[in-house]
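# Coordinate inspection notes
Residue strings, one per chain:
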Amino acid sequence: MAERQDQDRAIGTGPRALNQPVFSREQRLRQRLESRFAPTRLTIEDESHLHAGHAGAAGGHSHFRVTIVAEAFRGLSPVARHRLVYAAVDDLLKTDIHALAIDASPPAAAGGSR
């Protein structure tokens, strides 16, 4: 138990994180995606207000729409891109995020399209 609390303090999570800034769900999502994919474009829209009264929103979980452009997605199918994003935020999906809509693509080639 004490080891887990020490880990929480070290990464700034958990109920006993000391001297750590409190980040919103959106900020945690953004930080995770930026550190994992180094995107050239990242937009995150909180769509929770569209789901007020929805059972999944009852526990304070949020609904987000993410548009992310990153080299890591080059050559991958849309399903594989989504799997990478879900894997990067897996723990957030278990605690803070109820729904995540994803548009993930590689950067467009010069003069081309995605």
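Residues numbered from 1 in each chain as written. Predicted model: local features only at pLDDT ≥ 70, side-chain atom pairs only at ≥ 80, totals over all residues. Heavy atoms only, no water.

## Quick look at the pattern of salt bridges
- All chains considered together, the criterion is met by 7 salt bridges.
- Arg74 serves as the salt-bridge partner of Glu71, at 2.5 Å between the closest nitrogen and oxygen.
- Take Arg74: its relative accessible area is 40%, and that puts it in the partly exposed class.
- One salt bridge in this structure joins Asp90 and Lys94, with 3.0 Å as the shortest N-O distance. (Salt bridge = Lys/Arg side-chain N within 4 Å of Asp/Glu carboxyl O. Buried < 20%, exposed > 50% of the residue type's maximum accessible area, 1.4 Å probe, protein only.)

## Some remarks on the nonpolar core
- Leu29, Leu33, Phe37, Val66, Ile68, Val85 and Leu100 are the most contacted members of the largest nonpolar core, which has 18 residues in total.
- Looking at this core, the elements that each hand over two or more residues are α2 (25–37), β1 (41–46), β2 (62–69), α3 (78–88) and β3 (97–105).
- Ranked by residues supplied to this core, first place goes to β3 with 4 residues.
- Those residues within four positions of Leu100 in sequence are excluded, and the remaining contacts are Leu29, Phe64, Val66, Val85, Tyr86, Val89 and Leu93. (Core = buried A, V, L, I, M, F, W, Y, C linked by side-chain atoms within 4.5 Å. Helix = DSSP H or I, 4+ residues; strand = E, 2+ residues; numbered from the N terminus. Contact = heavy atoms within 4.5 Å.)

## A word on the environment of Phe64
- By secondary structure assignment, the location of Phe64 is in strand β2.
- Looking at Phe64, the relative accessible area reads 2%, which means it is buried.
- For the pair Phe64 and Ser48, spaced 16 residues apart in sequence, the C-alpha to C-alpha distance is 7.0 Å.

## A closer look at the environment of Ala70
- Position of Ala70 among the secondary structure elements: in the loop between β2 and α3.
- C-alpha of Ala70 to C-alpha of Pro107: the two residues are 37 residues apart in sequence and 6.0 Å apart in space.
- Aside from chain neighbours lying at most four places away, what touches Ala70 is Phe37, Pro39, Ser105, Pro106 and Pro107.

## Considerations on the pairing of β2
- Where burial is concerned, most of β2 is hidden: 7 out of the 8 residues are buried.
- Sheet analysis places β1 next to β2, joined by 6 bridges and oriented antiparallel. For Asp46, the partnering residue across the bridge sits in β2 and is Phe64.
- Sheet analysis places β2 next to β3, joined by 8 bridges and oriented parallel. Bridging from a neighbouring strand, Arg65 pairs with Ala101 of β3. (Pairing = 2+ DSSP bridges.)

## Some words on the packing of α2 against α3
- Contact pair α2 / α3: the axes reach a minimum separation of 10 Å and the direction vectors enclose 120°. Taken together, α2 and α3 sit at an angle that is classed as oblique. When the axes of α2 and α3 are compared, the crossing they make is right-handed. Every residue of α3 that contacts α2 at Arg32, Leu33, Arg36 and Phe37 is listed here: Leu84, Val85 and Ala88.
- Taken together, the residues of the contact of α2 with α3 sort by class into 5 nonpolar, no polar and 2 charged. (Axes fitted to C-alpha atoms, helices over the stretch in contact; angles between N-to-C directions. Parallel < 35°, antiparallel > 145°, perpendicular 65-115°, else oblique. Left-handed = near helix turned anticlockwise from the far one by under 90°. Nonpolar A, V, L, I, M, F, W, Y, C, P; charged D, E, K, R; others polar.)

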